[in-house]
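# Remarks on the overall topology
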Amino acid sequence: MTNDINRAFNFNAGPSALPLYALQRAQTELLDYKGTGMSVMEMSHRGKEYEEIHNGAIALLRELMNIPEDYEILFIQGGASLQFSMIPMNFLASGKKGAYILTGSWSEKALAEAKMFGEVYVPASGKDNKYNSIPDLSSVAYEPDTAYVHITSNNTIYGTQWQQFPEIKDIPLIADMSSDMLSRPVDVSKFAMIYAGAQKNLGPSGVTLVIIKKSFLETAGKNNPTMLRYSTYAENNSLYNTPPCYSIYILNLVLQYAKENGGIPTLAKLNSEKAAMLYKAIDSSDGFYFGHAKTESRSLMNVVFRLKDEELEKAFLLEAKQKGFVGLAGHRSVGGCRASIYNAVPQEACRALKQFMEDFREKNS
Ligand code: PMP
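Described in the following lines is the structure provided in the data block. (Residues numbered from 1 in each chain as written. Predicted model: local features only at pLDDT ≥ 70, side-chain atom pairs only at ≥ 80, totals over all residues. Heavy atoms only, no water.)

### Remarks on the site of the ligand
Using the following cut-off: Any residue with a heavy atom positioned within 4 Å of a molecule or strand is treated as near that molecule or strand. Pairs of N or O atoms are called polar contacts if they sit within 3.5 Å, as long as, within protein, a hydrogen donor faces a hydrogen acceptor (for residues adjacent in sequence, only side-chain-to-side-chain pairs). Using a 1.4 Å probe, the Shrake-Rupley method yields the accessible areas, and only the shown protein chains count as cover for residues. Under the DSSP-based scheme used, a helix requires at least four consecutive residues in state H or I and a strand at least two consecutive residues in state E, with every element numbered from the N terminus. For this scheme, ten residues count as nonpolar: Ala, Val, Leu, Ile, Met, Phe, Trp, Tyr, Cys and Pro. Four count as charged, namely Asp, Glu, Lys and Arg, and the remainder, Gly too, count as polar.
Of all residues adjacent to the ligand, which total 13 residues, the nearest are Ser81, Thr156, Asp176, Gln199 and Lys200. Taking aspartate 176, its side chain carries an N or O atom lying 2.6 Å from a nitrogen atom of the ligand. The separation between an oxygen atom of the ligand and a polar side-chain atom of glutamine 199 is 2.9 Å. Its free accessible area being 400 Å², the ligand has 85% of it covered by the protein chains. At 4 residues, helix α3 (residues 79-91) tops the list of elements feeding residues into the shell around the ligand. Looking at side-chain class alone, the shell around the ligand contains 3 nonpolar, 8 polar and 2 charged residues.

### Looking at the pairing of strand β5 (residues 146-152)
Within a regular strand, side chains alternate between the sheet's two faces. Heads up, the rule is: We call a residue buried when its accessible area falls under 20% of the maximum for its residue type, exposed when it is over 50%, and partly exposed in between, using a 1.4 Å probe and counting protein chains only. Here, a strand pair is defined by DSSP locating no fewer than two bridges between the strands.
Taken across its 7 residues, β5 has 7 buried, putting it largely inside the fold. Pairing of β5 with strand β8 (residues 173-176) involves 4 bridges; the strand directions are parallel. Counted as the bridge partner of histidine 150 is isoleucine 174 from β8.

### Observations concerning the sheet that holds strand β10 (residues 208-213)
Heads up, the rule is: Axis lines are fitted to C-alpha atoms, over the contacting stretch for helices. Their N-to-C directions set the angle, which ranges from 0 to 180 degrees. Note on contacts: a residue pair is in contact if any heavy atoms of the two residues lie within 4.5 Å.
Within the open sheet, the 7 strands sit side by side as β2-β10-β9-β8-β5-β3-β4. Their pairing is mixed. With partners counted over all chains shown, the strands left at the sheet margins are β2 (71-76) and β4 (119-121), one partner each. Each strand of the sheet is rotated relative to its neighbour by a mean of 20°, with strand direction disregarded. Where strand β3 (residues 97-100) meets β5, 4 bridges bridge the pair, whose relative direction is parallel. Bridged to glycine 98 within β5 is tyrosine 148. Sheet contacts for α3: β2, β3, β5, β8, β9 (193-197) and β10; angle to β9, the most-contacted strand, approximately 150°.

### Brief notes about the pattern of salt bridges
Stated formally: Within this document, salt bridges are pairs made up of a side-chain nitrogen of Lys or Arg and a carboxyl oxygen of Asp or Glu, the two lying within 4 Å of each other.
Enumeration over the complete set of coordinates arrives at 16 salt bridges. For lysine 190, the salt bridge goes to aspartate 187, with nearest N and O atoms at 3.6 Å. For lysine 190, a relative accessible area of 42% puts it in the partly exposed group. A relative accessible area of 40% means that aspartate 187 is categorised as partly exposed. Arginine 306 is the salt-bridge partner of glutamate 313, the closest N and O atoms lying 2.9 Å from each other.

In structure tokens:
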């Protein structure tokens, strides 16, 4: 536990740690937001107070991520999972194909949804290597009539991450950045679309951020139901219907905090320092701990590792839990251990975990 308000060492994969600043501001404003006598949860989404929160969050995103003016910033519900369906619904017109680079379970899920709507293919996949690295795309040939190439920038379950994004000429690139949005500088202009469920680096669940190039948006099919068309959100500033107001309010606070603390460059520096601590504990353990990802594909957000035998792994997770470390069990589909160290996980928590890993190894070697 850290400091006297009993905050856990929270390594949850999502929903996950939020900046204390955002939680405390929300606490202060819970019953009476800026003298209105109402909580943000209780006020009209058409009122000026909410409008300020909503537009403030959009402006902060544009500023922090350097999002060019020819991109729309949208708030949609349904999680990143709904984007798996909305993308092919909107962009896989008949005769067009969706190219899916497979780097883990989430890209597999995106592919499976796209198959329901149109033609797809897989130009490269890391599946044969148990998704322990990001495939090399240098010799990949894309098929004619490819509507878009879809990648998952950070693989939350396998702990791999694209270190450099592919340069694909003349085909729109779409990235699911659910688990590394806002964690490092990204040149948005290289993408036709970026999306992320908020519940890791951005805020609570309930809102999904979509950043989409206007010219790409214009190529979307027009016949989908209203709530499943990107244009509905773009034309109505994501206020066609009631948005997830409270999630967007917290997102705004998270962004304010990021801005006041050096923005993305500072977050990126802290993130690599935090990851370096944990990878060091793994690499210097003489095989007591071993990482799933190949070094060159390692994620700075999800450190996925195993112990040399399963009994020891169980003992590690149990003792970690007793010591106040939360969320260290690997995803139920792969087992092992995973420390998710998103933006709001403090260095202090990573230092404590590194120390715990070293002490546990010493006791059990
Ligand atoms: N993509 C990635 C990379 C994820 O990590 C997750 C959730 N952990 C999802 C998609 C699914 O997100 P949601 O639960 O918001 O639908």
